[in-house]
Amino acid sequence: MSSGLLVSEGGRSVRLGGALVSSLVVAAALAVAVQPARAADVTVGLGAALAPDYEGSDDYTAAPNWLLNVTDLYDPNTYVRIGGPELRSNFVPHPQLRAGLWGKYVPERDDVDNDRVDDLDNTDLSVLVGATVGWDLFPQPGLTLAPTLDAGFDVANGNGYLISPRLSYFNALPESKFSVGAELFTTYADDDYMQEYFGIGRRASARSGLDTYDADEGFKDFGFGVTTTYSFTDHWSTTLAAQYKRMLGDAEDSPIVSDEGNENQFLAAFTVNYKF
């Protein structure tokens, strides 16, 4: 199973995040309940993240970060994991095939530190729901190298869809108290998503002084992330995560990034975890 990055995308992700997390917790509980005869392993974590206050910003803000990881649902390879704003899962009891539900919460952009960007229209939040499918090249316990494709459509406000290929690595390092993970990723966004988060209309341009801008579909970013977890005991551990993301295409060229923000995006997070 991939470690996943425990990082919130945007410090404003706390807003309405509680409702999303509650919904996903219910989903995880239902996934466990379908096989009551088997005891799943449950880990919860809470911490903090430092992230841009909107995607493409050069201003950073702190926000809560969380983890819910339910493994061994009805097979050692099945799991549901919520790390920050993202849901990942595998419901296929197979040594290499991975397939399940994928979800991601993208916060609205409002009340940001940059005055000109703040003068733009507020964006709507997105709740992306879809599927994930992958193939584990190392079918052995505690070691994963999995090319994976995540895809989802916004069911909250119709802000289009995202498709994200990624390559995830995880090593439990069984002879030590550490485990490590790494991930390469890129994200493709359609016209609706790009225009919502990176476009600028005429009235917004007049209010902010930024040029009008039409953002078209295409790859909006690529990046990599790393995580490490240290287990103090059989129950307590802490996880550190860091991520670099480079904005691409029409996202990079948008005035909210090229003029008022930065195409280089950095995120960092930690959680303190308890395994039941």
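Worth saying up front: this structure is predicted, and the values here are computed from it rather than measured.

## Some points on the overall build of the chain
Regarding its fold elements, the chain presents six helices and 12 strands. Looking at the chain residue by residue over its 276 residues, the buried ones come to 50%. A sequence separation of at least 24 residues applies to 62% of the contacts in the chain between residues at least 6 apart. Within the structure as shown, the chain displays about 12,300 Å² of accessible surface, and the carbon and sulfur contribution to it stands at 59%.

## Details of the pairing of strand 10 (residues 218-231)
Sheet topology note: the strand 9 (residues 178-189)/strand 10 ladder contains 12 bridges and is antiparallel. Counted as the bridge partner of S179 is T229 from strand 10. Across 11 bridges, the pairing between strand 10 and strand 11 (residues 236-247) is antiparallel. Counterpart to G223 in the pairing with strand 11 is K245. Counting the residues that bridge the hairpin from strand 10 to strand 11 gives four residues.

## Quick notes on the nonpolar core
In terms of nonpolar packing, the biggest core is built from 22 residues, with V117, L120, Y193, M194, F198, I200 and I256 touching the most fellow members. Elements with a minimum of two residues in this core: strand 5 (97-106), helix 3 (191-198) and helix 6 (255-258). With four residues, the top contributor of residues to this core is helix 3. Leaving out residues up to four positions away in the same chain, I256 has contacts with Y54, E55, G56, R109, V117, L120, Y197, F198, I200, L210 and G261. Grouped together as the second largest cluster of nonpolar side chains are eight residues, A40, L68, V80 and L87 included.

## Here's the deal with the sheet that holds strand 11
Read once around its circumference, the closed barrel built from 12 strands follows the order 1-2-3-4-5-6-7-8-9-10-11-12, with strand pairing classed as antiparallel. Averaged over all pairs of adjacent strands, the angle between their axes in this sheet comes to 20°, without regard to strand direction.

## Some details on the pairing of strand 3 (residues 79-83)
Burial runs high along strand 3: five of the five residues are buried. Neither face of strand 3 is open: one carries Y79, R81 and G83, the other V80 and I82, and all of them are buried. Relative to strand 3, strand 2 (residues 60-71) runs antiparallel, the two being bridged by five bridges. Bridged to V70 within strand 3 is V80. As paired strands, strand 3 and strand 4 (residues 86-90) are joined by five bridges and run antiparallel to one another. Among the inter-strand pairings, R81 is bridged to a residue of strand 4, identified as R88. In sequence, strand 3 turns back onto strand 4 through a hairpin of two residues, with G84 there showing a positive phi of about 60°.

## Describing a nonpolar patch on the surface
A cluster of nonpolar residues, L97, V133, W135, L137, F138 and L149, forms a patch on the protein surface that exposes about 480 Å² of accessible area. Here F138 lies in the loop between strand 6 (126-135) and strand 7 (143-154).

## So, the pattern of salt bridges
Under the criterion given, the structure shown has 11 salt bridges. Where E252 meets R246, a salt bridge forms, and the shortest distance between an N and an O atom there is 3.0 Å. It is possible to trace a salt-bridge network through shared partners that takes in E86, R88, D150, R166 and E183.

## Some remarks on the packing of aromatic side chains
Under the criterion given, the structure shown has eight aromatic pairs. On the numbers, 5.3 Å between centres and 80° between planes, the contact of Y188 with F219 is edge-to-face. Linking Y188 in strand 9 with F219 in strand 10, this pair joins segments that are 31 residues apart in sequence. Given the relative accessible area of 43%, F219 is considered partly exposed. With a centroid separation of 4.6 Å and an interplanar angle of 35°, the aromatic rings of Y193 and Y197 are classed as tilted. Taken together, the residues Y193 and Y197, both in helix 3 and four residues apart, mark about one turn of the helix. On the basis of relative accessibility, which here comes to 1%, the residue Y193 falls in the buried class. Judged by relative accessible area, Y197 falls into the buried class, the value being 6%.

## What to know about unusual backbone geometry
Located in the positive-phi region is D72, a residue other than glycine, with phi close to 55°. With respect to the helices and strands, D72 occurs in the loop between strand 2 and strand 3. On the basis of relative accessible area, D72 is assigned to the buried category, the value being 17%. One non-glycine residue with positive phi stands out, namely L173, at about 45°. Turning to its location among the elements, L173 is positioned in the loop between strand 8 (161-171) and strand 9.

Rules used in this analysis
- Residues numbered from 1 in each chain as written.
- Predicted model: local features only at pLDDT ≥ 70, side-chain atom pairs only at ≥ 80, totals over all residues.
- Heavy atoms only, no water.
- Helix = DSSP H or I, 4+ residues; strand = E, 2+ residues; numbered from the N terminus.
- Buried < 20%, exposed > 50% of the residue type's maximum accessible area, 1.4 Å probe, protein only.
- Contact = heavy atoms within 4.5 Å.
- Areas by Shrake-Rupley, 256 points an atom, 1.4 Å probe, with all protein chains shown as cover.
- Pairing = 2+ DSSP bridges.
- Core = buried A, V, L, I, M, F, W, Y, C linked by side-chain atoms within 4.5 Å.
- Axes fitted to C-alpha atoms, helices over the stretch in contact; angles between N-to-C directions.
- Patch = residues over 30% accessible without salt bridge, like charges linked within 9 Å, V, L, I, M, F, W, Y side chains within 5 Å.
- Salt bridge = Lys/Arg side-chain N within 4 Å of Asp/Glu carboxyl O.
- Phe/Tyr/Trp six-rings, centres within 6.5 Å; stacked < 30°, edge-to-face > 60°.

Geometric descriptors of this kind do not, in isolation, establish any biological role.
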